[in-house]
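Spelled out from the first residue to the last, the chains are:
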Amino acid sequence: MSTVKYILLSIFPALLIISCQSTLDYDISSADPVPVLNALWSAADSEHAVYICTSNAYNVSETEETAHIYCYVNGKIAAETEDYTIRQTSSKIDLQEYIIKTDLSAGDHVRIIARFPDKELSAEAVVPPAPCVRIDTTSVADDFYYGGPVVVENRRDYSITMTLDDNPGKATFYRLYSPNVHSEVHRVKDDSLVEKKDWLWFPFDEKDPVFKNVTVEFPFEIMLEFPFLSGTVNATHVFSDELFADNSHSLFFELSQDKYDLSIWHKRYCDISMRFRLASLSREEYLYLVAANAATASFADPMAEPVVLPYNVSGGLGFFGIENVYDRTILLKRCYYYDPSIGEMPIDGE
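Residues numbered from 1 in each chain as written. Predicted model: local features only at pLDDT ≥ 70, side-chain atom pairs only at ≥ 80, totals over all residues. Heavy atoms only, no water.

Student: Even after reading the chapter, I still don't get the nonpolar core, so can you show me in this structure?
Tutor: What tends to happen in soluble globular proteins is that the nonpolar side chains get buried as a cluster. Judged by nonpolar contacts, the single largest core of 32 residues is most densely connected at Met 162, Leu 176, Phe 239, Phe 253 and Leu 278. Of all the elements in the fold, those that place two or more residues in this core are strand E10 (132–141), strand E12 (156–165), strand E13 (173–187), strand E16 (248–256), strand E17 (268–281), strand E18 (320–331) and strand E19 (335–338). When residues in this core are grouped by element, the largest group, five residues, is from E17. In this structure Phe 239 touches Leu 164, Phe 173, Tyr 174, Arg 175, Leu 176, Val 210, Phe 211, Phe 244, Leu 278 and Tyr 286, once residues within four positions along its chain are discounted. Membership of the second largest hydrophobic core comes to 25 residues, among which are Tyr 98, Val 110, Ala 123 and Ile 322. (Core = buried A, V, L, I, M, F, W, Y, C linked by side-chain atoms within 4.5 Å. Buried < 20%, exposed > 50% of the residue type's maximum accessible area, 1.4 Å probe, protein only. Helix = DSSP H or I, 4+ residues; strand = E, 2+ residues; numbered from the N terminus. Contact = heavy atoms within 4.5 Å.)

Student: Could you clarify how one ought to interpret the sheet that holds strand E9 (residues 120–126) in this entry?
Tutor: The strands that make up a sheet are held in pairs by hydrogen bonds between backbone atoms, and each pair lies either parallel or antiparallel. Spatially, four strands are ordered E5-E4-E8-E9 in an open sheet, and the strand pairing comes out antiparallel. Every interior strand has two partners, whereas the edge strands, strand E5 (76–81) and E9, have only one. With direction set aside, neighbouring strand axes in the sheet form an average angle of 15 degrees. Sheet analysis places strand E4 (residues 68–73) next to E5, joined by five bridges and oriented antiparallel. Pairing of Tyr 72 across the sheet is with Ile 77, part of E5. (Pairing = 2+ DSSP bridges. Axes fitted to C-alpha atoms, helices over the stretch in contact; angles between N-to-C directions.)

Student: I keep staring at the side chain of Arg 175 and nothing clicks. Help me out?
Tutor: Within the fold, Arg 175 resides in strand E13. A residue is classified by how much of its surface remains accessible, and Arg 175, at 16% relative accessible area, is buried. At 3.2 Å, the side chain of Arg 175 forms a polar contact with the backbone oxygen of Thr 236. Look past the residues within four positions of Arg 175 in its chain and what remains in contact with it is Thr 236, His 237, Val 238, Phe 239, Arg 277, Leu 278, Ala 279, Leu 281, Leu 289 and Glu 323. (Polar contact = N/O pair within 3.5 Å; in protein donor to acceptor, adjacent residues only side chain to side chain.)

Student: Help me understand the environment of Asn 167 in this model?
Tutor: Position of Asn 167 relative to the elements: it lies in the loop between E12 and E13. A relative accessible area of 28% means that Asn 167 is categorised as partly exposed. When near neighbours in sequence (up to four residues on either side) are disregarded, Asn 167 contacts Pro 129, Thr 172, Tyr 174 and Asp 246.

Student: What is the right way to read the sheet that holds E16 from this model?
Tutor: The three strands lie next to each other as E10-E12-E16, forming an open sheet whose pairing is antiparallel. Each edge of the open sheet carries a strand with a single partner, namely E10 and E16. Pairwise comparison of adjacent strand axes, ignoring direction, gives a mean angle of 15 degrees for this sheet. In this structure, E12 lies alongside E16, joined through nine bridges in antiparallel fashion. Note on E16: the bridge partner recorded for Met 162 is Leu 251.

Student: When you look at the pairing of strand E8 (residues 109–115) in this model, what are you seeing that I'm missing?
Tutor: On a regular strand, one side chain projects to one face of the sheet and the next to the other, so that they alternate. Of the pairings in the sheet, the one linking E4 to E8 comprises six bridges and is antiparallel in character. Paired with His 68 across the bridge in E8 is Arg 115. Relative to E9, E8 runs antiparallel, the two being bridged by seven bridges. Each bridged residue has a counterpart across the sheet, and for Arg 115 the counterpart in E9 is Glu 120. The hairpin turn running from E8 into E9, its antiparallel successor, is four residues long.

Student: What should I look at first to understand the pattern of salt bridges in this one?
Tutor: Opposite charge on two side chains allows them to pair when their charged atoms are near. Here the structure, examined in full by the defined rule, presents eleven salt bridges. Residue Arg 175 is joined to Glu 323 by a salt bridge in which the shortest nitrogen-to-oxygen separation is 3.5 Å. Of the two residues, Arg 175 is situated in strand E13 and Glu 323 in strand E18; the sequence distance between them amounts to 148 residues. Residue classification places Glu 323 among the buried residues on the basis of a relative accessible area of 4%. A salt bridge links Arg 334 to Asp 271; its shortest N-O distance comes to 2.8 Å. Of the two residues, Arg 334 is situated in the loop between E18 and E19 and Asp 271 in strand E17; the sequence distance between them amounts to 63 residues. (Salt bridge = Lys/Arg side-chain N within 4 Å of Asp/Glu carboxyl O.)

Structure follows, in C-alpha cells:
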C-alpha cells in the first residue's frame, strides 16, 4: 500500500470517530419561505421565459400568488405580463412560467421585476458581445453498398471545424451547446415526407482542455488512489478564454451520414442537417454554471460539501443571465437511393 493511501485511510476513521462524538442542532422548519426567480435568456430569441417558485425550509414548491412581470431595456419598459403556465421539472417541482416578448442586442442593459402584492423581486443583466465563430467542413465519399437499394449520390463522412476568435483585451466566457442532428426522408416523386428524426445530442471531444472545469485540484497521487476526487463534470460545457486569450481556438466534430439517414428504399432521398450553437456569457453567468456543474457532480462524490449557487436576484433567490448565441444550421449533401432491380433512376419519378 502506498504511503499516501495509508495516511489517508488512517485519517478517515479518526475523522469519523470525532464527528460522531457530538450532535449538531439543525432545525430550520420555522424558516420563512423565500421567493425564487430564475431566467436564462438568449439574445437570439424574441420570447424569453421567467420562472417563479418558492424555496421552503426543506423543499421547493409552486408559488401561490401571481406575479406581474416587467422587463426594462436600457431604462425603458419593453414588455410586461401577468399570464403564466405551470411547468413541471424532471424532479416534479411546479414552476410558474411567464413569457416576455422583446428583442435584445449586444450591450443592452436589461432589468426584470416580478411584483407581488406584498413583495418584489428584481435582477439585472447586460447582453454580452456575440461570439465570432467560423465553421469549415470537409468530407469524403462513403462507398456504401449492402446488396439492397444503392446510393445514387454517395453518403459522405464529414469533418467539421468550429473556430472561435476570442474577444481581445478582456477576459471572456463561452458555452458550447451539444450539436443537434435532424434527418428527413422524402419520396422523390412528390417530395412527400416519409420519416424524420432529431438527435438532440451529438458526441464531441469533451476532453478538450478548454472544458477543464474543476472546483478543487487534488494532488495527482491522491487522484490515482481515489478516482472519484478527480473533479467536477463540466455538464454545461462552459469555458473561458484562459488558454487562448486574444487568439482563437478550434473545436472538432465528425459525422458519418450512414448513421443518420433513417429509411433506405427505392426512389427516396434523405436530407440531413446539423445545428451548431456557441454562446458568449457574462462572467456572472459563467460562475453560476460552474457552480451548477459542481452541484451536478456532487451527487456522485461521497466527500462533497454542499454547493451554494450564486444568485443576483434582489428580494429573493435565483439567477438572471443573458447569452449572445452564434447559431448556424448546415445542410449536408442530399443522398438519393434506388434499387436497380425495380425501376428507373430516381430523377425519372416514382
